[in-house]
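Spelled out, the chains give:
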Amino acid sequence: MALDYNFDCFQLVPDSVMIKIFAHVSTQRFLNLFTLKLVCKRWYSLAMDSTLWRKICFSRCENLNFPVLEQTLAYSSSVQEVEIDWCSLVDDYCLELIAERCPHLSALNVKGCRKVSDNGVIKIAENCINLKRISLSFYNNNLTSMALVKIIENCPELYDLAVSHEEDKDSEEGFHFPREFFKTLGESSNLKVFTCANAVIPDHSLPPGTIWRLDLLELNLPNCLDLTNGLLNQMLSTCTRLKNLDISNCPGINDSGLVQVAKMCPGLLHLNVKSCQCITDIAIESIAESCRSLQFLCVAGCEIPRPTGNITDVAIKCIANNCSELSHLDVKWCQSVTDAGIAAVATKCTRLLYLNVSGCLAISDVSLKVVAACCKHLKNLDITECLRITQTGVNDIVQNCLDLTTLDMAVCSYVVNLDFKPNAETYLSLTHIDFSYCTKINDECLKHVFPICPQLAYLSLAGCHRITDIGVKYLATYCHNLQYLDISFRGSHSSSLISDDSFNLIASNCKNLTYLDLIGCFNISLYCIEKIVKSCRYLKLMSVSQVFDGSTLQLLIQGRLKTYRSVCHVEQVTSSTRGKKTVYNLIIKLSAPTL
């Protein structure tokens, strides 16, 4: 029987199943819906199904404007979620359009949209009374607290309110919340999640006699530099069911404030006090004894110069003894945390998924061996600048923690002969590896690593001067899903061991690259750069070094690459002399679809 190559197998798939497939594809990347419409008449009709357009997502789409949004919203009258965060052209007219076309809106994200002002947000508050989640950004006078008050007052079902003050070169001060806002906030009994980042919240923000009805489940106040113990404790006085608290980089919070939090919120699951340098063992021990269901703890950077350090093994052992459900521990730069503390956590918190001991100089292979034996489901490990760790500890982790997806081990200078899993019969789950400045990593190591890491998407080999074309060819041969690659050499360092020979293969095999850093690789030619841009259609940012004896290099590169991209911007970062020629370090920014 002859095969009919013109037969469309999708004709056999029911419409209901096709719509579910389209929904899955559009969830991965919303713009895929527009592509699906172009295939045939049936697919056009299916792609126009209103259920597929309930969530509109154009996150970080620099070209999104009013006409595009208007056309998109015309496809459905039942849009419930709109995500247009970090879209520079979104303004009040866009928000007014959303308010008019989406009366059933439940979630809106316009974070990073600097053209949005009170007028647009108030229009949303007036028309979209079923709103449950909203995320906004304050720039220099674009928004005031009046818009937030309107949102809280007009939207009785509001569950999640997130506001952040974004840095603006024209603004000298942070955003100040007036008393009226906190009065309205305190009377909102339905609000469960409140996020306020980078804002000024002075201690006198709460008016006397405020009726405080807040019953938050999550409170995030990162980088609120004026936050005090008194204000924090007053805000949490009625939040006995609080699960998540983020007060990272709030220098006004000390042991006294956190001890009170432990007493008021015994059900706390997530605590982030990163860079709170007045937090010591006293506060963490109090948290451990009161909040026994704690799952997430970040004390990174809670360190000021003193002989013993703020956070020591005493607090970490107390966490281990009381919080057996701990899954995330970050003690970055806590110099007084040693193998003893980490071993105690690994032994008693066997559900650990994330561990960051970056910069903890007392950590060695001893504790890694315990982690490898006890925490079999570990997914993320950061041992950056742990100079006492060798290949023995790293190999133990990789060979025993088969769920590991992320391994950061930059500047582990004593790691040699790393092979991960010799004679492996199964592939590893690693998608992210950082070998930056592991100066003893060589091609032989990569020969063992890359064949068993086919899912690798992120790789940094910055400063690994022993790597040659041979090692890069192993990468190109086995890791076709690579998206981020840094093989740069900065400062006085450079590499003549990496050339077109290997990167032509990268261009052919690693077509999903979105970021590539080749600073210091002088033997990568302009022809090879052109081939990479042509082959890797998702590439958005590329850094290169070129030896040139003329002054028109930027124009030359820009002219040749514009053949393949609608937008190509070449920017010179630095230049230096190499013999009689000049070396230019360039950043190339390219237009590209989102992967």
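Residues numbered from 1 in each chain as written. Predicted model: local features only at pLDDT ≥ 70, side-chain atom pairs only at ≥ 80, totals over all residues. Heavy atoms only, no water.

Q: Would you mind going over the overall build of the protein chain with me for this structure?
A: A count of helical and extended segments in the protein chain gives 20 helices and 25 strands. For 595 residues, the compact-globule estimate of 2.2 N^0.38 gives 25 Å, and the protein chain sits close to it at 27 Å. By its C-alpha atoms, the protein chain is 75 × 65 × 65 Å across when sized along the principal axes. Taking all 595 residues of the protein chain together, 53% fall into the buried category. Within the protein chain, contacts between residues separated by at least 24 positions form 77% of all contacts whose residues are at least 6 apart in sequence. Each charge class in the protein chain can be summarised by its mean position, and for the 53 positive and 59 negative side chains these summaries are 5 Å apart. (Helix = DSSP H or I, 4+ residues; strand = E, 2+ residues; numbered from the N terminus. Rg over C-alpha atoms; globule rule 2.2 N^0.38 Å. Buried < 20%, exposed > 50% of the residue type's maximum accessible area, 1.4 Å probe, protein only. Contact = heavy atoms within 4.5 Å. Lys, Arg positive; Asp, Glu negative; His and termini not counted. Charge placed at Lys NZ, Arg CZ, Asp CG, Glu CD.)

Q: Would you mind showing me how to read the packing of helix H18 (residues 500–509) against helix H19 (residues 526–535) here?
A: The axes of two packed helices give the description: the angle between them and the distance between them. It is the contact of H18 with H19, at a shortest axis distance of 8 Å, that shows an interaxial angle of 10°. By the criterion of interaxial angle, the relationship of H18 to H19 is roughly parallel. Between H18 and H19, the contacting residues are Asp500, Phe503, Asn504, Ala507 and Ser508 on the first element and Cys528, Lys531, Ile532 and Ser535 on the second. In terms of residue class, the contact of H18 with H19 is made up of four nonpolar, three polar and two charged. (Axes fitted to C-alpha atoms, helices over the stretch in contact; angles between N-to-C directions. Parallel < 35°, antiparallel > 145°, perpendicular 65-115°, else oblique. Nonpolar A, V, L, I, M, F, W, Y, C, P; charged D, E, K, R; others polar.)

Q: For this particular structure, what's the right way to read the nonpolar core?
A: In a soluble, globular protein the nonpolar side chains are often hidden away together inside. Phe177, Phe194, Phe420, Phe435 and Phe503 are the most contacted members of the largest nonpolar core, which has 192 residues in total. Non-local contacts of Phe194, meaning those with residues more than four positions away in its chain, are made with Leu161, Val163, Phe181, Leu185, Leu216, Glu218, Leu219, Asn220, Leu221 and Met235. (Core = buried A, V, L, I, M, F, W, Y, C linked by side-chain atoms within 4.5 Å.)

Q: So what exactly am I meant to see when it comes to the side chain of Ser460 here?
A: You can see Ser460 is positioned in strand S18 (residues 458–460). Side-chain polar atoms of Ser460 contact the side chain of Ser436, separated by 2.5 Å. Non-local contacts of Ser460, meaning those with residues more than four positions away in its chain, are made with Ile433, Asp434, Phe435, Ser436 and Asp486. (Polar contact = N/O pair within 3.5 Å; in protein donor to acceptor, adjacent residues only side chain to side chain.)

Q: It is not clear to me how the side chain of Asn233 should be interpreted in this structure. Could you clarify?
A: Checked against the element boundaries, Asn233 lands in helix H9 (residues 229–235). Discounting residues that sit within four places of it in the chain, Asn233 has contacts with Gly257, Gln260, Val261 and Met264.

Q: Explain the pattern of salt bridges here, please?
A: Pairs may arise between side chains of opposite charge once their charged atoms sit close together. Counted according to the given criterion, the structure contains 11 salt bridges. Between Arg42 and Asp15 there is a salt bridge, and its shortest N-O distance comes to 2.8 Å. With Arg42 in helix H3 (residues 41–47) and Asp15 in helix H1 (residues 15–28), this pair connects stretches of sequence that are 27 residues apart. Residues Lys369 and Asp396 are paired through a salt bridge, measuring 3.4 Å at the closest nitrogen-oxygen approach. Of the two residues, Lys369 sits in helix H14 (residues 365–374) while Asp396 sits in helix H15 (residues 391–400), which places them 27 residues apart along the sequence. In this structure Lys369 comes out as exposed when scored by relative accessible area, which is 51%. Residues joined in a network through salt bridges with shared partners are Lys192, Asp215 and Arg241. (Salt bridge = Lys/Arg side-chain N within 4 Å of Asp/Glu carboxyl O.)

Q: Explain helix H8 (residues 179–186) here, please?
A: In an α-helix, one turn spans 3.6 residues, which is why side chains three or four residues apart end up on the same side. Within H8, the full set of buried residues consists of Phe181, Phe182, Thr184, Leu185 and Gly186. On the buried face of H8, the contacting elements are helix H7 (145–154), strand S5 (160–165), strand S7 (193–197) and H9.

Q: Please clarify how the environment of Glu81 should be interpreted in this entry.
A: Following the sequence through the fold, Glu81 ends up in strand S2 (residues 81–83). The spacing of Glu81 and Leu590 is 509 residues in sequence and 30 Å in space, taken between C-alpha atoms. Excluding residues that lie within four positions of it along the chain, Glu81 makes contacts with Arg54, Lys55, Ile56, Leu105, Ser106, Ala107 and Arg133. At a separation of 3.3 Å, a polar atom in the side chain of Glu81 contacts the side chain of Arg133.

By themselves, these are just geometric observations and shouldn't be taken as functional.
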